[in-house]
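Listed below, chain by chain, are the residues.
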Amino acid sequence: MTKTRFPQLLALSAAALLAGCSMIPAYERPAAPVAADWPALGTTAAAGTTGNGVAAADIEWQNFFSDPRLRQLIDASLRNNRDLRVAVLNIEQARAQFQIRRADQYPTVSAAAAGSRQPSSSGDSITSTYTAGLAMTAYEFDFFGRVASLKEAALAQYLATEEGRKTTQISLIAAVANNYLSLLADEELIAITRQTLATREDSFRLSKLRFDNGVSSELDVRQAESLIESARVSLAQLVRQRALDQNALVLLLGQPATGDLAVALPAGKGLADMPMMVDVPAGLPSDLLTRRPDVRQAEQLLMASNANIGAARAAFFPKISLTASAGSASSHLSDLFKSGSFGWTLAPQLLLPIFDAGRNRAGLDSASAGRDIAVAQYEKSIQTAFREVADALAGRATLGEQLRAQQAQANAEGVRFKLSDLRYRNGIASQLDLLDAQRSLFTAQQAVVQTRLAQLQSQVTLYKTLGGGWTEPGAVAPAANTAVAPKS
């Protein structure tokens, strides 16, 4: 070996030794404990989609929702909602914790000044010592990767909080949209109820007139009166429900619904006025691993638990630390900074565990159990995501046909009511037929609104469960391996 290469190899060896080794187990993503495809009903729905093939996670919420009023409300909630604000602050806290762990890999140098006075061994005099300079206290040489493992765990925790923020945003957007749709449904149901109330009051006046002229009995009058009060009960309930839904929306917005936001609230509009939303393809269940932030969050927490095992393993090996100082030292405070007072100390320390009453073994067992828990939680998050998407696909496959049938039934009941009313006014049919037709029409009209609400909310839920709602305009969709924590 030449003399010129020996210093280079020595420097490389020293660098490798100082870098230490990692005792973190090799990470392998657990297999997804779900089927390779959606249930048959969901597969049929996915095949019948009219979307443009763009995944839900790649569709910005500004493009998914076409209603400008709803977009205005969502934008306000993203700026003022307190749950989302807490999620953002959690990211800042986790980032600071990661910075702390990363700083542990470097020496901490501080300015230090100290003084001590103590009696001599003979007790005849007092010995004084004064020092001032730079000090490095208990810097750990991370030969076995304990500090690096803790840093990797903190990094994974930080990335998990970022995914948690995305999950909170997705849930917030879906909640605002569903609440807005509920308000539209409330407005439509109130309009239907008021119309029904007016119709029943007209029937009551006719029944009262017939009773006054001795054509019908008081029983017919009381039946008509009962239907009027029933409609008033429904109207009061719907007005109260609209107020409750509006209060819930205000909470989601994080600010009072005044000014422009008050204009954005539904008033006199129904679900039929809601613009169409973008239809999204279901994709494959494996897409959930990279598209759903909550699944990626669970995987980051799994990586953090995996890194903690590395730190627990390193605790079985020697811990080498160094305490050093350099500066001025003197027995007289006035001579502390004079020439010739320079001094230094160097105190390395090696600690090798011999007996700790099983503390290190228990720490490793705890870290291993924590990883197993994280694996189960990661798998549960995948199963939950699979179920949520499958439910939303089932809704998309059936609610359209249900709404069509519900509307056809309401149309038929409307014709039946008109015929019953005409026959009753001409004395051909009994009032019982008319009242039964009124009740059936009211029930059918309410069912149409509720089914249309379920269908629209199902579209919002499908968008949410497929991971849509966190991508901002101009953002790049994550690659398939973004769940792996990057090295700092």
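Right above here is the structure, for reference.
Residues numbered from 1 in each chain as written. Predicted model: local features only at pLDDT ≥ 70, side-chain atom pairs only at ≥ 80, totals over all residues. Heavy atoms only, no water.

For the pair helix α5 (residues 82-103) and helix α6 (residues 146-212), interaxial distance at closest approach is 8 Å and the crossing angle is 170 degrees. As far as their axial angle goes, α6 and α5 are roughly antiparallel. Grouping the amino acids of the contact of α5 with α6 by side-chain chemistry returns 12 nonpolar, 6 polar and 7 charged. (Axes fitted to C-alpha atoms, helices over the stretch in contact; angles between N-to-C directions. Helix = DSSP H or I, 4+ residues; strand = E, 2+ residues; numbered from the N terminus. Parallel < 35°, antiparallel > 145°, perpendicular 65-115°, else oblique. Nonpolar A, V, L, I, M, F, W, Y, C, P; charged D, E, K, R; others polar.)

The next thing to look at is the environment of Pro348. Within the secondary structure layout, Pro348 lies in strand β4 (residues 342-351). For Pro348, a relative accessible area of 61% gives the class exposed. Residues Pro348 and Ala324, 24 residues apart in the sequence, show an inter-C-alpha distance of 8.1 Å. In this structure Pro348 touches Ser321 and Leu322, once residues within four positions along its chain are discounted. (Buried < 20%, exposed > 50% of the residue type's maximum accessible area, 1.4 Å probe, protein only. Contact = heavy atoms within 4.5 Å.)

Right, let's get into unusual backbone geometry. Even without glycine at this site, Ala138 takes up a positive phi of about 50 degrees. Classification of Ala138 by relative accessible area gives partly exposed; the value is 48%.

As defined by bridge partners, strand β2 (residues 126-141) adjoins strand β3 (residues 319-330) across 10 bridges and the pair is classed as antiparallel. When the bridges of β3 are listed, Gly133 appears paired with Gly327. One ladder, built from 10 bridges, connects β3 with β4; its direction is antiparallel. Bridge pairing in β4 places Lys319 opposite Leu351. (Pairing = 2+ DSSP bridges.)

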